[in-house]
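Structure at a glance
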Amino acid sequence: MKSPSLQSIRNYACHTLALTTFLDQPGDGRTQPKIPAADLSWALLLGPILRLGSANRLEWLANFGHRKDLGLTRKFGDDALAYFTERVDPEVIRHRSAATLKLAKCNKVFEEAAFIGLAIDGTGAGRTTKPACPLCHPIKDSKGNVISHNHHFVMVSVVGAGITLPFDVEPYKPGDSEYAAGKRLLKRAVSHLGPRFAGYVVADAKFATAPFLHTSDQLGLPIIARLKQNLPELAAAVESRFGRQPPMDTFSHGEDRIEVWDADDFDPWESLEWTTVRVMRYRQHKKDGTIIQADWLTNFSTAKLRTRSFFKLAKSRWEIENQGFNDAKNLYGVEHIQHHHPNSMLVNWLFLLLALMIERLYRIRYLHRGSHPVLTAMQLKDTLWLSLRPVGADSS
Ligand SMILES: [Zn+2]
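Computed from a predicted structure; not experimentally measured. (Residues numbered from 1 in each chain as written. Predicted model: local features only at pLDDT ≥ 70, side-chain atom pairs only at ≥ 80, totals over all residues. Heavy atoms only, no water.)

**A word on empty space enclosed by the protein**
Empty space among the atoms becomes visible once a probe the size of a water molecule is rolled across them. If you walk through the whole model with that rule in mind, you get two cavities of 30 Å³ or more. Each pocket or cavity is described by its volume, and for the largest cavity that value is around 40 Å³. Surrounding the largest cavity, Phe-153, Met-155, Val-169, Phe-325, Ala-328, Val-334, Trp-349 and Leu-353 form its lining. Of all the elements in the fold, those that place two or more residues in the lining of the largest cavity are strand 3 (146–159), helix 12 (318–330) and helix 13 (342–366). Here the residues of the lining of the largest cavity are counted per class, giving eight nonpolar, no polar and no charged. In this structure, the second largest cavity spans a volume of roughly 30 Å³. Lining the second largest cavity, in full, are Arg-94, Ala-98, Phe-167, Asp-168, Arg-188, Ala-189 and His-192. Those elements giving two or more residues to the lining of the second largest cavity turn out to be helix 7 (90–106), strand 4 (165–172) and helix 8 (178–193). Ranked by residue count, the leading element in the lining of the second largest cavity is helix 8, at three residues. Its residues assigned to classes, the lining of the second largest cavity comprises three nonpolar, one polar and three charged. (1 Å grid on protein atoms, 1.4 Å probe; cavity = no way out; pocket = protein on both sides within 12 Å on 5 of 7 lines; lining within 4 Å. Points joined across faces, edges and corners; volume = space filled by probe spheres on them. Helix = DSSP H or I, 4+ residues; strand = E, 2+ residues; numbered from the N terminus. Nonpolar A, V, L, I, M, F, W, Y, C, P; charged D, E, K, R; others polar.)

Dropping the structure here:
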């Protein structure tokens, strides 16, 4: 087995993922840079990879460890990172993340599945009691007093292809909406990735609005969206039909038993410019007796997507929750604001997703060769820490 180290990750990022030029030229907007951009952009990737959580810890580490081990040429303070991230052009990072995904696809990183999915969903992060920035959404108490602020963004992730890779975010201000931000994000993702990269879009019921579905149509991507009571007429028509019918198919999903219903001739609601709507219902019977039922709508034809594949694609939406938001928040520190400035937060989030992409590709597709098990993200992080030497230690 190859032994993981930060130098090895950096070599992998620079050579296999072709990130050398990006690290040198990440859209740096500083006019008279004193610290090389490559140090600062690598530091923004290093933070999430080592789970540092704050620029102060990075500063400590750069003093404590061999800078060569860390991949840094000099030390710097958190003020340098703040100044830098205020001025980086986020579009440069977004283009590079998309290019990394395209390279991964060429290198057969994804399963030879029929479809690569793009999951879209929104969340909040970086709750703060500090003075508001333009992206701050007020949080009020029961009397209507503003007690703190939070930040909202929509994220897009590659799903359904054996490795979950979130790669872009679109923040939105108060007064803007989650699904409008989702529309902008989906358009940008497809424009950066090209029209043939993905095979479908999957989203929660919040995005099951005619404008969002039409955006996906215009981009040439079939869409799968959760159907809930926010579409009351369609939900009622589905219940009145499927509620009276026995399941059309039954199969196993892990230890669970799945019953499914599927029909492609429901009427669209008034603003939806589709001829018909296809809806699948699944009822999942878990071993402990719990039953989960969910309805999903799509414009995939039954010829192109059979019922069991429809079920699988609908389930791929959970990847953005579990391997996207949950991991980004619990493991990589997306909740923590490094510097409360709109562009800085966006740039930090985009670097964090790029770090997560590099870490996953390195761990799951590069280190994993032969029969030994894939290292968990935690094991990789611990191994990287153990490979660092303190300053002054004998290198022999
Ligand atoms: Zn703010």
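After presenting the structure, the write-up continues.
**Quick word on helix 10 (residues 232–242)**
Taken together, the buried positions of helix 10 are Leu-234, Ala-235, Val-238 and Phe-242. Along the axis of helix 10, the buried positions cluster into a sector of 100°, meaning they face one direction only. Turned more than 90 degrees off the buried face of helix 10, the exposed positions are Pro-232 and Glu-233. (Buried < 20%, exposed > 50% of the residue type's maximum accessible area, 1.4 Å probe, protein only. Arc of directions from axis to C-beta.)

**Quick look at the environment of Arg-257**
Relative to the assigned elements, Arg-257 resides in strand 8 (residues 256–266). The class of Arg-257 is partly exposed, set by a relative accessible area of 41%. Taking C-alpha positions, Arg-257 is 42 Å from Asn-348, a pair spaced 91 residues apart along the chain. What Arg-257 contacts, discounting residues up to four positions off in sequence, is Thr-250, Phe-251, Arg-283, Gln-284 and His-285. (Contact = heavy atoms within 4.5 Å.)

**Comments concerning the pairing of strand 8**
By the criterion of burial, strand 8 is predominantly enclosed, with eight of the 11 residues buried. Pairing geometry for strand 7 (residues 249–253) and strand 8, over five bridges, is antiparallel. Counted as the bridge partner of Asp-249 is Val-260 from strand 8. Here strand 7 hands over to strand 8 after two residues, with Gly-254 in that stretch at a positive phi of 60°. (Pairing = 2+ DSSP bridges.)

**Here we look at the coordination of the zinc ion**
Within the protein, Cys-133 (SG), Cys-136 (SG), His-151 (NE2) and His-340 (NE2) serve as the donor atoms for the zinc ion, at 2.0 to 2.3 Å. Note that the zinc ion binds four donor atoms; their angles at the metal cover 102 to 124°, and the shape is tetrahedral. Overall, Cys-136 belongs to the buried group, its relative accessible area being 5%. (Donors = N, O, S within 2.8 Å, 3.2 Å for Na, K, Ca; no water. Tetrahedral: all angles 85-135°; square planar, octahedral: opposite > 155°, others 65-115°.)

**Some remarks on the side chain of Glu-359**
Structurally, Glu-359 can be placed in helix 13. Exposure remark for Glu-359: the relative accessible area of 2% places this residue in the buried category. One polar contact links Glu-359 to Tyr-332, side chain to side chain, over a distance of 3.0 Å. Those residues in contact with Glu-359 that lie beyond four places of it in its chain are Tyr-332, Ala-377 and Leu-380. (Polar contact = N/O pair within 3.5 Å; in protein donor to acceptor, adjacent residues only side chain to side chain.)

**Brief notes about the pairing of strand 2 (residues 136–140)**
With five bridges joining them, strand 2 and strand 3 adopt antiparallel strand pairing. Paired with Ile-139 across the strands is Ser-148, a residue of strand 3. Linking strand 2 to strand 3, which pair antiparallel, is a turn of five residues; within it Gly-144 sits at a positive phi near 90°.

**Remarks on the packing of helix 1 (residues 6–16) against helix 3 (residues 37–49)**
Closest axis-to-axis distance for the helix 1/helix 3 pair is 12 Å, and the angle between their directions is 125°. One element, helix 1, and the other, helix 3, form an angle in the oblique class. In terms of crossing hand, the pair formed by helix 1 and helix 3 is right-handed. Seen from helix 1, the contacting residues are Leu-6, Ile-9 and Arg-10; seen from helix 3, they are Trp-42, Leu-46 and Ile-49. Here the residues of the contact of helix 1 with helix 3 sort into five nonpolar, no polar and one charged. (Axes fitted to C-alpha atoms, helices over the stretch in contact; angles between N-to-C directions. Parallel < 35°, antiparallel > 145°, perpendicular 65-115°, else oblique. Left-handed = near helix turned anticlockwise from the far one by under 90°.)

**What to know about the packing of aromatic side chains**
Throughout the structure, instances matching the rule amount to 12 aromatic pairs. Their ring planes at 90° and their centres at 6.2 Å tell us that Phe-110 and Phe-197 sit as a pair that is edge-to-face. With Phe-110 in the loop between helix 7 and strand 1 (117–128) and Phe-197 in the loop between helix 8 and strand 5 (200–203), the pair connects residues that are 87 residues apart, well separated along the chain. The same class applies to Phe-110 and to Phe-197, which are both buried. Centre to centre, the rings of Phe-251 and Phe-311 are 5.3 Å apart; their planes meet at 80°, and the pair counts as edge-to-face. Placement of Phe-251 in strand 7 and of Phe-311 in helix 11 (residues 307–315) is noted, with a sequence separation of 60 residues between them. Looking at Phe-251, the relative accessible area reads 11%, which means it is buried. One residue, Lys-105, lies across the ring of Phe-197, its end atom 5.2 Å from the ring centre. (Phe/Tyr/Trp six-rings, centres within 6.5 Å; stacked < 30°, edge-to-face > 60°. Lys NZ or Arg CZ within 6 Å of the ring centre and 35° of its normal.)

**Some thoughts on the layout of surface pockets**
Of the voids in this model, the largest pocket is the one considered here, and its volume is about 410 Å³. In terms of lining residues, the largest pocket is bounded by 27 residues, among which Gly-53, Ser-54, Ala-55, Gln-338 and Asn-348 are the most central. Mapped by element, the contributors of at least two residues to the lining of the largest pocket are helix 3, helix 4 (55–64), helix 6 (78–87) and helix 13. Its residues assigned to classes, the lining of the largest pocket comprises 15 nonpolar, 11 polar and one charged.

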